[in-house]
Amino acid sequence: MDIRPNHTIYINNINDKVKKEELKRSLYALFSQFGQVIEIVAMKTMRMRGQAFVVFKELAAATNALRQLQGFPFYNKPMRIQYAKTDSEVIAKVKGAYGDKEKKKDKKKKAQEPAANMTKKPAAGSAAPVHSPAVQVPDNPPNYILFLSNLPEETNEMMLSMLFNQFPGFKEVRLVPGKHDIAFVEFESDTQAGVAKDALQGFRITATCAMKITYAKK
């Protein structure tokens, strides 16, 4: 049976050892590269373990994410992705909340999650552009190693690897013990590092932390 393309994609075969909040943050970091994510639904009930729904604002973004991330090794398990068969009740509620968020604000405490915050703030026209001068930091000469700062406390190696390993030449992420807000990412060449730096400069892993990227000091 053919499932018609829609804004919601369904993912299964997810590693069910991952905590729900970390799972949602990681899914958001991974999927928001393809377009605006309205909501991520992941539940740890027995029936829903190892599964999640990602709702995109644009159909093209959902299609692109499905193609690009099919079989992606997410927490060491290949993701299986398809379009959601229908807008299930939970997804319909999410869409309703997005279109009429004021009425549902009290009912849906999910608005505190990064995905919701990211989409609602720009809608109000209050968010600064990602590449605002405030985000820019003095840079060093080109280097194949990037230095990341202003990372949120919950950042982990998996999240950063998922963000950066889509770029050619990616080698590894190195976290700094005892310092949650900084990390290093190594590429094969400074040119490849520069491409990733420009693409992800100011990327928000959570609603409040815009990642700052510079070349590491040689």
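Here the structure is shown first, and the text comes after it.
The following paragraphs examine the structure supplied in this document. (Residues numbered from 1 in each chain as written. Predicted model: local features only at pLDDT ≥ 70, side-chain atom pairs only at ≥ 80, totals over all residues. Heavy atoms only, no water.)

### Details of helix H7 (residues 190-200)
Part 1: Every buried residue of H7 is accounted for by Ala193, Gly194, Ala196, Lys197 and Leu200. Down the axis of H7, the sector holding all buried residues measures 165 degrees, keeping them to one side. Exposed residues pointing more than 90 degrees away from the buried face of H7 are listed as Thr191 and Asp198.
Part 2: Those residues of H7 that are buried are in contact with strand E7 (145-149), helix H6 (157-164), strand E9 (179-187) and strand E10 (212-215).
Part 3: With its phi angle positive at about 80 degrees, Gly202 sits one or two positions after the end of H7. (Buried < 20%, exposed > 50% of the residue type's maximum accessible area, 1.4 Å probe, protein only. Helix = DSSP H or I, 4+ residues; strand = E, 2+ residues; numbered from the N terminus. Arc of directions from axis to C-beta. Contact = heavy atoms within 4.5 Å.)

### A word on the pattern of salt bridges
Part 1: Counted under the stated rule, the structure contains six salt bridges.
Part 2: A salt bridge links Lys197 to Asp139; the shortest N-O distance between them is 2.8 Å. With a gap of 58 residues between them, Lys197 in helix H7 and Asp139 in the loop between helix H5 (114-123) and E7 connect regions that are remote in the sequence.
Part 3: Between Glu186 and Arg174 there is a salt bridge, with its nearest N and O atoms 2.8 Å apart. One end of the pair, Glu186, is in strand E9; the other, Arg174, is in strand E8 (residues 170-176), and 12 residues separate them in sequence.
Part 4: Using a relative accessible area of 12% as the deciding quantity, one classes Glu186 as buried.
Part 5: Three or more residues joined by partner-sharing salt bridges are found here, namely Lys171, Glu172, Arg174 and Glu186. (Salt bridge = Lys/Arg side-chain N within 4 Å of Asp/Glu carboxyl O.)

### Looking at the packing of aromatic side chains
Part 1: All told, the structure shown has six aromatic pairs when counted by the stated rule.
Part 2: Arranged with centres 5.3 Å apart and planes meeting at 45 degrees, the rings of Phe147 and Phe184 form a pair that is tilted. Residue Phe147 is found in strand E7, and its partner Phe184 is found in strand E9; the two are separated by 37 residues along the sequence.
Part 3: A ring pair is formed by Phe164 and Phe187, whose centres lie 6.4 Å apart and whose planes are at 65 degrees; its orientation type is edge-to-face. With Phe164 in helix H6 and Phe187 in strand E9, this residue pair connects regions lying 23 residues apart in the sequence. As far as burial versus exposure is concerned, Phe164 and Phe187 are alike and both buried.
Part 4: Taken together, the ring pairs in this structure connect Phe164, Phe170 and Phe187 into an aromatic cluster. (Phe/Tyr/Trp six-rings, centres within 6.5 Å; stacked < 30°, edge-to-face > 60°.)

### A short note on the side chain of Asn15
Part 1: Considering the arrangement of structural elements, one finds Asn15 in the loop between strand E1 (8-12) and helix H1 (20-31).
Part 2: Looking at Asn15, the relative accessible area reads 18%, which means it is buried.
Part 3: Within the structure, Asn15 has its side chain in polar contact with the backbone nitrogen of Lys17 (distance 3.0 Å).
Part 4: Looking at Asn15, its side chain comes within polar contact range of the main-chain oxygen of Tyr75, at 3.1 Å.
Part 5: The contact partners of Asn15, leaving out residues within four places of it in the chain, are Tyr75 and Lys77. (Polar contact = N/O pair within 3.5 Å; in protein donor to acceptor, adjacent residues only side chain to side chain.)

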